[in-house]
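Here is what each chain is made of, one letter per residue.
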Amino acid sequence: MAVPIAVLDCDLLLYGRGHRTLDRFKLEDVTDEYLVSTYGFPRQFIYYLVDLLGATLSRPTQRSRAISPETQILAALGFYTSGSFQTRMGDAIGISQASMSRCVANVTEALVERASQFIRFPEDEATVQSLKDDFYGLAGMPGVLGVVDCTHVAIKAPNAEDLSYVNRKGLHSLNCLMVCDARGVLLSAETHWPGSLPDCTVLEQAALTSQFETELHKDGWLLGDSSFLLRTWLMTPLHIPETPAEYRYNMAHSATHNVIERTFRTIRSRFRCLDGSKGTLQYSPEKSSHIILACCVLHNISLEHGLDVWSLPATGPMEQPEEEYEQMESVDSEACRIRQELLLTHFS
């Protein structure tokens, strides 16, 4: 006797004929503690994401039943904050692992589409001045518009151009260039650079450099570590400080630049899919880049909602390739003049 087998159509679940939704999981049926422990965020934050992304995640189709935006968002948050498509996660919200994967893809793309809305440099003078004042309050470094650095995120070996993603430790990764403000809010995030590229090369080719070279931010500068070359808009530490003023400059520079390292640790702590504890991101470089960027968007939204960037427990340092950069003095005489003027004016 033949036994009929029911085949689950994931697209049917996601989009649905007649656009009815599967609402097996109700936010109002669980506690805030459960939501934070399982999905990483409180109820009101999740409701905000539903309002923000709901229209994008509710695309009508000719299929019969769909997974609601609410459920899709919970599935994605569960993956971002846990780093795996665990069976218990899908069971908790009533969908299969395959459907969870599709939910993550949908929510990721919806967040990436809104990246420029949440990750950007301020433009009005009052906000820019406030940005500088916040940085100055940290260690007395004037004129700072942001701190910049790179961080690696491990990915699986791609099918093509394999060696371009192999970093100095022999691991496949993406080298992500980011800038943040004094609170840890990301002002720029470029998450697509191959792991084989050193930080200085990433910056050289980045959109960030084009943005600052146009002199849109001529009244201030970024702070970067010694893996970058000194530029008129990028102040780096002195390789061998000699005078008391140079030591004070380097100390203020280090204390201020440390904000980006703390931000990287916080993002890794909140979004465990990026920290390597559950293995590498099992996606193509392009999809992995989008997942990283989606997490960056969520990071900034969480700060907007008062979820303190420094409140998460610290984890061990992210596995980073050791940059074997050569310490070089900048050939940009104007950049050298600006740094020397900064030393004389504020640190002598």
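With an unreviewed UniProt entry as reference, the chain is termed Putative nuclease HARBI1, source organism Rhegmatorhina hoffmannsi. Under the heading Cofactor (unreviewed entry), UniProt records this for the chain: "a divalent metal cation". On record in UniProt, under Function (unreviewed entry), the comment for the chain is "Transposase-derived protein that may have nuclease activity. Does not have transposase activity."

What follows deals with the overall build of the chain. Tallying secondary structure elements over the chain gives 13 helices and seven strands in all. A total of 348 residues make up the chain; the buried ones form 53% of that total. Counting only contacts in the chain whose residues sit at least 6 apart along the sequence, the fraction spanning at least 24 positions is 72%. Element-wise, carbon and sulfur atoms account for 52% of the exposed surface of the chain, whose accessible area totals about 16700 Å².

On to helix H12 (residues 285–304). Across its 20 residues, H12 extends 29 Å between first and last C-alpha, which sits within 8% of the 28 Å expected from 1.5 Å per residue. For H12, a buried count of 17 out of 20 residues is recorded, marking the element as mostly surrounded by other parts of the structure. With its phi angle positive at about 80 degrees, Gly 306 sits one or two positions after the end of H12.

A word on the sheet that holds strand E5 (residues 186–194). Taken together, five strands build an open sheet; the order of strands is E5-E4-E3-E6-E7 and the sheet is mixed. Bordering the open sheet on either side are E5 and strand E7 (234–235), each of which pairs with just one other strand. Summarising the sheet, strand E3 (residues 144–154) and strand E6 (residues 221–223) pair through three bridges and their orientation is parallel. Of the residues in E6, the one forming a bridge with Gly 146 is Leu 222. Relative to E3, helix H11 (residues 244–270) is tilted by about 45 degrees, and along the sheet it contacts E3, strand E4 (173–180), E5, E6 and E7. Contacts between H12 and the sheet are confined to E3, E4 and E5, with E5 contributing the most and set at about 165 degrees to the helix.

Before going further, it helps to examine the packing of aromatic side chains. Evaluated as defined, the whole model comprises eight aromatic pairs. When the ring of Phe 79 is compared with that of Tyr 283, the centres are 6.3 Å apart and the planes differ by 75 degrees; the resulting orientation is edge-to-face. Of this pair, Phe 79 sits in helix H4 (residues 69–82) while Tyr 283 sits in the loop between H11 and H12; the two residues are 204 residues apart in sequence, bridging distant segments of the chain. By relative accessible area, Tyr 283 is classed as buried at 15%. With centroids separated by 5.5 Å and ring planes inclined at 75 degrees, the aromatic side chains of Phe 121 and Phe 212 adopt a geometry described as edge-to-face. One end of the pair, Phe 121, is in the loop between helix H7 (115–118) and helix H8 (125–139); the other, Phe 212, is in helix H10 (residues 207–213), with 91 residues separating them in the sequence. Here the two residues Phe 121 and Phe 212 agree in accessibility, since each one is buried. An aromatic cluster is built from Phe 41, Phe 45 and Phe 271, whose rings are joined through pairwise contacts.

We now examine the packing of H11 against helix H13 (residues 333–346). Orientation of H11 relative to H13, taken along the N-to-C sense of each, is 105 degrees, at an axis distance of 9 Å. One finds that H11 runs roughly perpendicular with respect to H13. The residues of H13 that touch H11, namely those facing Ala 245, Glu 246 and Tyr 249, are Arg 339, Leu 342 and Leu 343. Here the contact of H11 with H13 is composed, by residue class, of four nonpolar, no polar and two charged.

Calculation notes
Residues numbered from 1 in each chain as written. Predicted model: local features only at pLDDT ≥ 70, side-chain atom pairs only at ≥ 80, totals over all residues. Heavy atoms only, no water. UniProt positions renumbered as here; feature names shortened; annotations may be inferred. Helix = DSSP H or I, 4+ residues; strand = E, 2+ residues; numbered from the N terminus. Buried < 20%, exposed > 50% of the residue type's maximum accessible area, 1.4 Å probe, protein only. Contact = heavy atoms within 4.5 Å. Areas by Shrake-Rupley, 256 points an atom, 1.4 Å probe, with all protein chains shown as cover. Expected span 1.5 Å × (residues − 1). Pairing = 2+ DSSP bridges. Axes fitted to C-alpha atoms, helices over the stretch in contact; angles between N-to-C directions. Phe/Tyr/Trp six-rings, centres within 6.5 Å; stacked < 30°, edge-to-face > 60°. Parallel < 35°, antiparallel > 145°, perpendicular 65-115°, else oblique. Nonpolar A, V, L, I, M, F, W, Y, C, P; charged D, E, K, R; others polar.

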